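Structural characterization, general
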Amino acid sequence: MKVFLFIYIVSVVLVTSVTGRVTVNTCKHNFDYDTKHNNKNCWYNPDVDLSVPDVITRHKYPLEVYNVTTQDGYILQVFRIPRGKYNVNTTIKSRQPIFLQHGIFVSCSVYVINGNESIAFMLADNGYDVWLGNSRGSAYGKGHIKFSLNDDKYWNFSYHEMGIYDLPNTLDLVNNITGRNDVIYVGQSMGTNLPYVYAADFPEHAKQRMKLIVNLAPTVFLVGLRTPSIIVTPFWQLILSLSRKLRVNELLPKSTALKSFSSAICLKSGYKVVLCETLLFLLFGFDYEYFKPELLPMLLGHIPAGSSLKTLVHLAQGVVTKEFAHYDHGTYLNMEYYNSTNPPIYNLSRLPRPYFVVVIRLVSEPVPLAVPVPRPAGVTIPGPIS
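Residues numbered from 1 in each chain as written. Predicted model: local features only at pLDDT ≥ 70, side-chain atom pairs only at ≥ 80, totals over all residues. Heavy atoms only, no water.

It is worth spelling out the overall build of the protein chain at this point. Of the regular secondary structure elements, the protein chain holds twelve helices and twelve strands. Relative to its full complement of 386 residues, the protein chain shows a buried share of 52%. Roughly 18,400 Å² of accessible area belongs to the protein chain as shown, and the carbon and sulfur atoms make up 59% of that amount. (Helix = DSSP H or I, 4+ residues; strand = E, 2+ residues; numbered from the N terminus. Buried < 20%, exposed > 50% of the residue type's maximum accessible area, 1.4 Å probe, protein only. Areas by Shrake-Rupley, 256 points an atom, 1.4 Å probe, with all protein chains shown as cover.)

As structure tokens, this is what we get:
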């Protein structure tokens, strides 16, 4: 990893020496992109083209990388930032572990794409032991001990399996490394579903691993959504049927070609920047107040990161039924799986009742959000993290 980062930096230096400049890819305002090569509000952001581990190390944070093999064979990468840049004298074991989990079609990159103001970096600088999780099927969760990405069986999962396998197995890793049983869990979008599935099915184990759940743009109960994308949710059965015939299992994977194409289109001019931002808002909800145009290149560089069709269908079922329920396989298969024609509702009364903090936003993607988490002993957080 360090070798890759060294080669990358050397290549940037060589390009600069030959051309006199590197490619400007980021601007402060939408219409600054019209004159980005001669505009003081524009600059080159290397994070756009870096992996999450390289983004972390470029910002001079310590990094630990772990692989978690789940009980059903998926291999997930977990990244740890054990301390901040400057509080090097703090004992790591005394730091409060906090686990950050992403939503659908993204990866843990959503927590490090905002430069020095990224949530992961701000938490590390304010006394937390930061862990970044990655769900199966995402850019950093593509491995399996048996199946390849071309196998239909690999993609036979929804957020249910993420909740009963990915999360508990990853929190076991955190426990093994830190010896702590009091993890603060922060979920974003679909990532908020996982701890409730986990705690509903394994309440005692969840009680031994998490002391607090923080929800950012929660999708547990999808009621009152106002994004145009929900128009297609009633047709999930038709979409699923067509996709099976075409053998489409993965949706919106991370792709260098897609990244290059979208960046070339969206960052060409101010009007195209506005158009691409509007498309994002149509999918995830409008929030012009908090969206920063300088984030668009990072979003295009790191998103989408892939997931399974089944995961999207499971969320769509929740929109239609307005229930937090197991995956609906259809009447016949439901009888086989659940001994009922309808999928069972997750029994949230089984939750061990830690303190729950809900931060509700319409936008499911990374924007500045207040994260009212407890302060570790001896650490002062100057105001809300935003």
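Picking up where we left off.
Okay, the state of the cysteines next. Overall, the coordinates contain two disulfides when judged by the stated rule. The residue that forms a disulfide with cysteine 27 is cysteine 42, at a sulfur-sulfur distance of 2.1 Å. On the sign convention where negative is left-handed, the bridge of cysteine 27 and cysteine 42, at about 110 degrees about the S-S bond, is right-handed. One end of the pair, cysteine 27, is in strand β1 (residues 26-27); the other, cysteine 42, is in strand β2 (residues 42-43), and 15 residues separate them in sequence. Take cysteine 27: its relative accessible area is 0%, and that puts it in the buried class. Here the disulfide map of the protein chain reads 1-2, 3-4, the bonded cysteines being numbered as they appear in the sequence. (Disulfide = S-S within 2.5 Å.)

Here the structure, examined in full by the defined rule, presents 15 aromatic pairs. Centre to centre, the rings of phenylalanine 79 and tyrosine 140 are 5.4 Å apart; their planes meet at 80 degrees, and the pair counts as edge-to-face. A residue pair is termed long-range when its members are at least 10 positions apart, and phenylalanine 79 in strand β4 (residues 74-81) and tyrosine 140 in the loop between β6 (128-132) and β7 (143-144) qualify at 61 residues. A centroid spacing of 5.5 Å and a plane angle of 85 degrees characterise the contact between phenylalanine 281 and phenylalanine 291, whose relative ring orientation is edge-to-face. Within this pair, whereas phenylalanine 281 is found in helix α9 (residues 270-284), its partner phenylalanine 291 is found in the loop between α9 and α10 (296-302), the two being separated by ten residues in sequence. We note that phenylalanine 281, like phenylalanine 291, is buried. Here the aromatic cluster, defined as three or more aromatic residues joined through ring pairs, consists of Tyr74, Tyr154, Trp155 and Phe157. The ring of phenylalanine 157 has arginine 136 sitting right over it, with the charged end atom 5.8 Å from the ring centre. Between lysine 310 and the ring centre of tyrosine 327, over which it is positioned, the NZ or CZ distance is 4.7 Å. (Phe/Tyr/Trp six-rings, centres within 6.5 Å; stacked < 30°, edge-to-face > 60°. Lys NZ or Arg CZ within 6 Å of the ring centre and 35° of its normal.)

Glancing now at the packing of helix α4 (residues 159-178) against helix α11 (residues 309-321). At a minimum axis separation of 8 Å, α4 and α11 run at an interaxial angle of 105 degrees. The orientation of α4 relative to α11 falls into the category roughly perpendicular. Here Tyr159, His160 and Met162 of α4 lie close against α11, whose contacting residues are Thr311, His314 and Leu315. Residues that form the contact of α4 with α11 fall into these classes: three nonpolar, three polar and no charged. (Axes fitted to C-alpha atoms, helices over the stretch in contact; angles between N-to-C directions. Parallel < 35°, antiparallel > 145°, perpendicular 65-115°, else oblique. Contact = heavy atoms within 4.5 Å. Nonpolar A, V, L, I, M, F, W, Y, C, P; charged D, E, K, R; others polar.)

Examined against the element boundaries, leucine 258 turns out to sit in helix α8 (residues 256-266). The spatial distance from the C-alpha of leucine 258 to the C-alpha of leucine 300 is 8.8 Å, given a sequence separation of 42 residues. Aside from chain neighbours lying at most four places away, what touches leucine 258 is Pro253 and Pro304.

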